[in-house]
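# Coordinates in review
Residues per chain are reported as follows:
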Amino acid sequence: MKRPWFPSSRAVAVSMIAVVVSFGILFGTSPAWAQSNEDCLMCHEDPDATGERGGHVVSIFVDPAAFSQSVHAEFGCIDCHMELDGVVL
């Protein structure tokens, strides 16, 4: 009677390591790159901060107290400003 094929213990170990490393890369590194609201407010809480939009100078000030009481308080800045996720400013 022929024995069914089973992977060697080495093949199982290598596969398990590959899975663990893959999960680590996919899920373990993202939070290190993501900006927190506190990171954004380091610049945006300055009342004199400005940016340019459509050729016009505009204020980029965000009042932290007003933000914390607004409908936006439950969200991260990068939930809407996704293009800035992971950008080092």
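See above for the structure.
Below: a short report on this structure.

Calculation rules
Residues numbered from 1 in each chain as written. Predicted model: local features only at pLDDT ≥ 70, side-chain atom pairs only at ≥ 80, totals over all residues. Heavy atoms only, no water. Helix = DSSP H or I, 4+ residues; strand = E, 2+ residues; numbered from the N terminus. Buried < 20%, exposed > 50% of the residue type's maximum accessible area, 1.4 Å probe, protein only. Contact = heavy atoms within 4.5 Å. Pairing = 2+ DSSP bridges.

## Quick notes on the overall build of the protein chain
- A count of helices and strands for the protein chain gives five helices and two strands.
- When the helices and strands of the protein chain are read in sequence order from the N terminus, they spell out α-α-α-β-β-α-α.
- Across the 89 residues of the protein chain, 8% fall into the buried class.
- Considering only contacts within the protein chain whose residues lie at least 6 apart along the sequence, 33% involve residues at least 24 apart.

## Quick word on the pairing of strand 1 (residues 50–53)
- With four bridges connecting them, strand 1 and strand 2 (residues 56–59) associate as antiparallel partners. Of the residues in strand 2, the one forming a bridge with Gly-51 is Val-58.
- The antiparallel pairing of strand 1 with strand 2 creates a hairpin that spans two residues between the two strands, and Gly-54 there sits at a positive phi of about 60 degrees.

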